[in-house]
Amino acid sequence: PNPNPNPNPSPNLNPDLHPNFQTPTRYAAAASGPKDVVLVIGSMAGGIMTMAKHAAKMVIDTLTAVDYVTIVKYHFAKSAGAEVAYSSSALVEATDANKDLLKAWIDENIGASGTTNFRAAFEKAWQVVDATTASSNCNRIMLFLSDGEPNEWDGSDTEGVKAKAASYDPPMHLLTYGLGEGAK
């Protein structure tokens, strides 16, 4: 008897479980559909920064040309704030060329510098999303990576972020990642 009851197995299965698996990118695209992704990365140092940069590049590698993406780097004290990847003031289509530019920007621009300014990070991230005129118009996701406790942050900041995320149609889903022992 045939050990595989399905003679036409899907190429979108886990490669560890199925020999006909083609690519993780294809699986990720099929599983999630078109999406807008804002990667927000804070100032970190050492192994944690290496881990954050690697994770961000892996996320970028899962995107396809139907997705839109950008990176917001936050750093320094209250006055300096945050900046957006390679002078993009809006989400960009996740073409292979743009993904290569974003990954290179991560390598060249993400590093240890200053303090943990969540307020500036969210302000810049919202500016980018608000300035975006072309997007997937589907899933909206903000991935927020940090290794530290914010300079200033309170309950009203949290409520403001929740309200702003919910104001989009479709709403922005916020996923936060605290890296290392100092993350809050």
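Residues numbered from 1 in each chain as written. Predicted model: local features only at pLDDT ≥ 70, side-chain atom pairs only at ≥ 80, totals over all residues. Heavy atoms only, no water.

Draft legend 1. Region of the structure containing the side chain of K73. Among the secondary structure elements, K73 is positioned in strand β2 (residues 68-74). One polar contact links the side chain of K73 to the main-chain carbonyl oxygen of N109, over a distance of 2.6 Å. (Helix = DSSP H or I, 4+ residues; strand = E, 2+ residues; numbered from the N terminus. Polar contact = N/O pair within 3.5 Å; in protein donor to acceptor, adjacent residues only side chain to side chain.)

Draft legend 2. Examining the packing of aromatic side chains more closely. Enumeration over the complete set of coordinates arrives at six aromatic pairs. Ring plane angle 25° and centroid distance 6.0 Å describe the contact between F122 and W126, whose orientation is recorded as stacked. Placement of both F122 and W126 in helix α4 (residues 118-131) is noted, with a separation of four residues, approximately one turn of the helix. As far as the burial class goes, F122 and W126 line up, both buried. Note on F122: relative accessible area 6%, which makes it buried. Taken together, the ring pairs in this structure connect F118, F122, W126, F144, W153 and Y168 into an aromatic cluster. (Phe/Tyr/Trp six-rings, centres within 6.5 Å; stacked < 30°, edge-to-face > 60°. Buried < 20%, exposed > 50% of the residue type's maximum accessible area, 1.4 Å probe, protein only.)

Draft legend 3. Region of the structure containing the nonpolar core. Counting 21 residues, the largest nonpolar core has L39, M44, V69 and I71 as its most contacted members. Going through the elements one at a time, β1 (35-41), α2 (46-62), β2, α3 (96-109) and β5 (139-146) are the ones with two or more residues in this core. Counting 19 residues, the second-largest nonpolar core is a separate cluster that includes V72, L91, V129 and V161. (Core = buried A, V, L, I, M, F, W, Y, C linked by side-chain atoms within 4.5 Å.)

Draft legend 4. Main features of the packing of α4 against helix α5 (residues 155-167). Running from N to C, α4 and α5 cross one another at 10°; their axes reach a closest spacing of 12 Å. The orientation of α4 with respect to α5, classified from their angle, is roughly parallel. Contacts from R119, F122, W126 and D130 of α4 reach α5 at D157, V161, K164 and A165. (Axes fitted to C-alpha atoms, helices over the stretch in contact; angles between N-to-C directions. Parallel < 35°, antiparallel > 145°, perpendicular 65-115°, else oblique. Contact = heavy atoms within 4.5 Å.)

Draft legend 5. Region of the structure containing the confidence of the model for the chain. When pLDDT is averaged along the chain, the result is 77; 71% of the residues meet or exceed 70. Taken element by element, the predicted model of the chain shows its lowest mean pLDDT in helix α1 (residues 24-32) (53) and its highest in α5 (94). Of the regions scoring below 50 in pLDDT, residues 1-23 engages in 18 contacts with residues more than four places distant in sequence or in other chains. (pLDDT = per-residue confidence, 0-100.)

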